[in-house]
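What follows is the residue order along each chain.
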Protein chains: 2
Amino acid sequence: MSLVVVGSVAYDGVETPHGRVDRMLGGAATYIALSASYFTRTRIVAVVGDDFAQEDTDLLLNHRIDLEGLERVPGKTFFWAGKYSPDMNDRETLVTDLNVFADFQPKLPERYLSDPYLLMGNIQPRLQRTVRGQMKSLRLAGGDTMNFWIKDFREELLATIRDWDFLLINDSEARMLSGQNNLKKAARTILDMGPHTLVIKRGEYGAMLFRNDSMFVVPGYLLDDVFDPTGAGDCFAGGFIGYLAQQGFDLEGDHISRGELSRAVIYGSVMGSFCCERFGVERFRTLEPAEIDARFEEFRKFTAF
Amino acid sequence: MSLVVVGSVAYDGVETPHGRVDRMLGGAATYIALSASYFTRTRIVAVVGDDFAQEDTDLLLNHRIDLEGLERVPGKTFFWAGKYSPDMNDRETLVTDLNVFADFQPKLPERYLSDPYLLMGNIQPRLQRTVRGQMKSLRLAGGDTMNFWIKDFREELLATIRDWDFLLINDSEARMLSGQNNLKKAARTILDMGPHTLVIKRGEYGAMLFRNDSMFVVPGYLLDDVFDPTGAGDCFAGGFIGYLAQQGFDLEGDHISRGELSRAVIYGSVMGSFCCERFGVERFRTLEPAEIDARFEEFRKFTAF
């Protein structure tokens, strides 16, 4: 069943110990949608400038991503550049040119409004709320946020996530949002803020899923080489929601299952791991569904006891 | 079947965000032996001074630990003091008084020499080699080391671990020993140094087991409160080798099983998690075997998908 993804479509400049790319397709919505497209029909709501290249549009279209909600306006596409530390666990932002993204007002095409799944990438909480409010028959809605909104837009963020089914953030964001250093306590605090389900991403250390009555933890996939971690968290989100959308999952309905949610976390981890194998979105030019299934089984093999 | 543990028995002073204890029983061999004693008959080879308290001897005896190899000499017992960072992922050493441990020469009682299992805690590699050389019918021998020996006693350490079945170290030590930042590559390099089996401890992030033909990864147990992480890695080692000794495991024989080794990693994780619940060795005053089994099942529950 269809998934609507709202967020940034951008150009990135990235430097890692494995090399440097000055300009390539990026942005949270791009990564989320490419990842989710392996599981379900996906639609993007975003804005780009008139410099947005046809080849990048083509990559998205080749993944059958619906671009009716991808607005094109005069000006330049959002540009971000960053440089990773030698162990790639930290990165320094070198450039943030919001360009046309500065005035982004998500416009949902009429036929998106009755889609059952919604993933909101990291944008202004108020904009996320506007989008959520327009959707008419959601089965599952959730998204991401970041330290900036947690710190300086706290009330707006709390009002926003109150209506979400799930929140997908990393461990330092979970600590900041909850004011708790211990992740188990942090999870309890956050689950009291609204979402039924919390997914905490821990980068190379894997991910955790918390609900009031259960918990699931998976270690990270060990890659031979991490070329570029940019977008890995967004690809995780895309795999997570994409799998649930494919299964027709309904948190509010009869289908609440710890098993399905756990498998969604594994698919998220699988997609995040593929993302790191090449620069930017490169891996998605060649990735085949059979590789996804094989890596899912690898996860089973190295975690079973 | 019996396990011989060689290493330090000490007094520790520890400060964590949960409080401070000026002097309490500690030392790698103490933690390893207490943890392993829940699984198998355990014997200690270590040295203490004449200040070593009867109540501490009694705690070890209450766990049926054989103390014939615990030498008592005039002088003071090894004393270490440290203070943990607020998130307890780092610690600063405040005091290291080697005292009688400075001249430690492990002396193995005659009846220890034919025991089948040997765990060497973090001591001078040359001493570890001497101990290994005296044992006559080992089924499984391995141990721990640390950055100091890896950096300044590299050749001696390499000559020592060449004869080990397993090496148990943390992730930064694995990186330092192998010269590889990527843990998968680090593991491959270390497995070429001698040990059949490598266990990499990752603190709150869990542990990984590598062999040439397989890999197992488990996330850490999420505690409500980490009171004191001192000794957790040693308790992991004790649970790991203790379980294998209990099972009569023989790496060189017919019983090589990824399944058994994985369960040993889980028992290690279980024992490490209990250790953190109280200061020092306190948790082992009350810990019951049924609690260990219950936590093993909890691991299964929160990692299965």
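This text goes with the structure placed above it.
Novice: Any chance you could explain the environment of glycine 268 of chain A here in plain terms?
Specialist: Residues and elements named next belong to chain A. By the element assignment, glycine 268 lies in helix α9 (residues 258-275). Through-space distance from the C-alpha of glycine 268 to that of leucine 158 is 25 Å; in sequence the pair is 110 residues apart. Ignoring sequence-local partners within four residues, the contact set of glycine 268 consists of Cys235, Phe236, Gly239 and Phe240.

Novice: Any chance you could explain the sheet that holds strand β12 (residues 207-211) of chain A here in plain terms?
Specialist: Adjacent strands of a sheet form backbone hydrogen bonds with each other and so pair up, either parallel or antiparallel. Residue and element names in this part refer to chain A. One open sheet accounts for 9 strands, arranged β5-β4-β1-β8-β9-β10-β11-β12-β13; its pairing is mixed. In this open sheet, the two strands that pair with only one neighbour each are β5 (70-72) and β13 (214-218). Strand-to-strand twist of the sheet, defined as the mean angle between neighbouring strand axes without regard to direction, takes the value 15°. Against the sheet, helix α8 (residues 232-246) engages β1 (3-6), β8 (117-120), β9 (140-143), β10 (166-170), β11 (197-201) and β12, with an angle of about 170° to β8.

Novice: Would you take a moment to explain unusual backbone geometry for this structure?
Specialist: A negative phi holds for most residues other than glycine; trans holds for most peptide bonds. The phi dihedral of asparagine 99 of chain A falls on the positive side, at around 50°, and the residue is not glycine. Inspection of the secondary structure puts asparagine 99 of chain A in the loop between β7 (91-97) and β8. Of note, the phi angle at methionine 88 of chain B is positive, near 60°, even though the residue is not glycine. Note that methionine 88 of chain B resides in the loop between β6 (79-84) and β7 (91-97).

Novice: It is not clear to me how the packing of aromatic side chains should be interpreted in this structure. Could you clarify?
Specialist: Each aromatic ring pair is summarised here by two numbers: the centre-to-centre distance and the angle between the ring planes. Under the definition given, this model contains 35 aromatic pairs over all chains. When the ring of phenylalanine 296 of chain A is compared with that of phenylalanine 305 of chain B, the centres are 5.5 Å apart and the planes differ by 80°; the resulting orientation is edge-to-face. Of this pair, phenylalanine 296 of chain A sits in helix α11 (residues 289-303) while phenylalanine 305 of chain B sits in the segment after α11 (289-303), on two different chains. Assessed through its relative accessible area of 17%, phenylalanine 305 of chain B is described here as buried.

Novice: I'm lost on the environment of aspartate 66 of chain A in this one. Help?
Specialist: All names here are of chain A. One can find aspartate 66 in the loop between α2 (54-62) and β5. Apart from residues lying up to four places away in sequence, aspartate 66 is in contact with Arg41, Thr42, Arg43, Ile44, Arg111 and Tyr112. One polar contact links aspartate 66 to tyrosine 112, side chain to side chain, over a distance of 3.0 Å.

Novice: Explanation requested: helix α5 (residues 154-161) of chain A in the structure shown.
Specialist: Quick reminder: α-helices carry 3.6 residues per turn. Residues three or four places apart thus point the same way. All names here are of chain A. For α5, the set of buried residues is Leu157, Leu158, Thr160 and Ile161. Across the axial projection of α5, the buried residues extend over an arc of 160°, all falling on one side. The inward-facing, buried residues of α5 abut α3 (125-134), α4 (147-152), β10 and α6 (171-178).

Novice: Help me understand the interface of chain A and chain B in this model?
Specialist: Put simply, an interface is often sized by how much accessible area is lost when its parts join up. Tallying the contact residues gives 35 residues for chain A and 35 residues for chain B. The contact between chain A and chain B buries some 3,100 Å² in all, and 52% of this surface belongs to carbon and sulfur atoms. When residues of chain A are sorted by the area they lose upon contact with chain B, Tyr205, Leu222 and Phe305 of chain A head the list and together hold 29% of the total. The interface formed by chain A and chain B holds 7 salt bridges in total. We note a salt bridge from arginine 202 of chain A to glutamate 204 of chain B, for which the minimum N-O separation is 3.9 Å. Where chain A packs against chain B, one counts 18 residue pairs in polar contact (both at pLDDT 80 or more). Counting residues per element, the ones that place at least two in the side of chain A that touches chain B are α6, α7 (183-191), β12, β13, α9 and α11 of chain A. Looking at which element gives the most residues to the side of chain A that touches chain B, the answer is α11 of chain A, with 6 residues.

Novice: Teacher, can you tell me more about the pairing of β13 of chain A here?
Specialist: Residues in a regular strand project their side chains so that they alternate between the two faces of the sheet. Residue and element names in this part refer to chain A. β13 sits mainly inside the fold: 5 of its 5 residues count as buried. Burial along β13 is two-sided: the face carrying Ser214, Phe216 and Val218 and the face carrying Met215 and Val217 are both buried. Inspection of the sheet shows β12 paired to β13 by 5 bridges, in the antiparallel sense. Its bridge partner lying in β13, arginine 211 is registered against serine 214. Hairpin remark: β12 followed by β13, antiparallel, with 2 residues in the connecting loop.

Novice: I would appreciate a short explanation of the environment of arginine 23 of chain A in the present structure.
Specialist: Residues and elements named next belong to chain A. Relative to the assigned elements, arginine 23 resides in strand β3 (residues 19-26). Relative accessible area serves as the criterion here: at 44%, arginine 23 is assigned to the partly exposed category. Sequence separation of arginine 23 and glutamate 288 is 265 residues, and the distance between their C-alpha atoms is 25 Å. A distance of 3.2 Å separates polar atoms of two side chains, one belonging to arginine 23 and the other to aspartate 51.

Novice: Is there a simple way to think about the relation of the copies chain A and chain B in this case?
Specialist: For the pair of chain copies, the relating transformation is a rotation about an axis with a translation along it. Each copy superposes on the other: chain A lies on chain B with an RMSD of 0.0 Å after a rotation of 180° and an axial shift of 0.0 Å. What the rotation and shift describe, once combined, is the action of a two-fold rotation axis. Minimal C-alpha separation from the rotation axis in chain A is found for proline 219 of chain A, amounting to 2.6 Å. Take the interface residues of chain A: 100% of them recur as interface residues in chain B, which is what a same-surface contact looks like.

Novice: Sorry if this is basic, but what is going on with the packing of helix α1 (residues 28-36) of chain B against helix α8 (residues 232-246) of chain B here?
Specialist: All names here are of chain B. The N-to-C vectors of α1 and α8 enclose an angle of 40°; their axes lie 7 Å apart at closest approach. Compared by their axis directions, α1 and α8 come out oblique. Relative to α8, the crossing made by α1 is right-handed. Listed contacts from α8 to Ala28, Tyr31, Ile32, Ser35 and Ala36 of α1 are Asp234, Cys235, Gly238, Gly239 and Gly242. Residues belonging to the contact of α1 with α8 are distributed by class as follows: 5 nonpolar, 4 polar and 1 charged.

Novice: Would you mind showing me how to read the pattern of salt bridges here?
Specialist: Once the charged atoms of two side chains with opposite charge are near each other, the side chains can pair. Scanning all chains against the criterion turns up 41 salt bridges over all chains. In this structure, the salt-bridge partner of aspartate 225 of chain B is lysine 185 of chain A, at a minimum N-O distance of 2.8 Å. Taken together, the positions of aspartate 225 of chain B in the loop between β13 (214-218) and α8 and lysine 185 of chain A in helix α7 put the pair across two chains. Across the pair glutamate 297 of chain A and arginine 300 of chain A runs a salt bridge whose closest N-O atoms are separated by 3.5 Å. Taken together, the residues span about one helical turn, with glutamate 297 of chain A and arginine 300 of chain A both in helix α11 at a distance of 3 residues.

Novice: What am I meant to see in the sheet that holds strand β6 (residues 79-84) of chain A here?
Specialist: All names here are of chain A. Spatial ordering of the open sheet is given by β3-β2-β6-β7, a layout of 4 strands whose pairing is mixed. The sheet is open, and its two edges are formed by β3 and β7, each paired on a single side. Across this sheet, the average inter-strand angle for adjacent strands is 15°, counted without regard to direction. Summarising the sheet, β6 and β7 pair through 6 bridges and their orientation is antiparallel.

Conventions we followed
- Residues numbered from 1 in each chain as written.
- Chains lettered and ligands numbered in written order.
- Predicted model: local features only at pLDDT ≥ 70, side-chain atom pairs only at ≥ 80, totals over all residues.
- Heavy atoms only, no water.
- Helix = DSSP H or I, 4+ residues; strand = E, 2+ residues; numbered from the N terminus.
- Contact = heavy atoms within 4.5 Å.
- Pairing = 2+ DSSP bridges.
- Axes fitted to C-alpha atoms, helices over the stretch in contact; angles between N-to-C directions.
- Phe/Tyr/Trp six-rings, centres within 6.5 Å; stacked < 30°, edge-to-face > 60°.
- Buried < 20%, exposed > 50% of the residue type's maximum accessible area, 1.4 Å probe, protein only.
- Polar contact = N/O pair within 3.5 Å; in protein donor to acceptor, adjacent residues only side chain to side chain.
- Arc of directions from axis to C-beta.
- Buried area = accessible area lost by both parts, 1.4 Å probe.
- Salt bridge = Lys/Arg side-chain N within 4 Å of Asp/Glu carboxyl O.
- Least-squares fit on C-alpha atoms with pLDDT ≥ 70 in both.
- Parallel < 35°, antiparallel > 145°, perpendicular 65-115°, else oblique.
- Left-handed = near helix turned anticlockwise from the far one by under 90°.
- Nonpolar A, V, L, I, M, F, W, Y, C, P; charged D, E, K, R; others polar.

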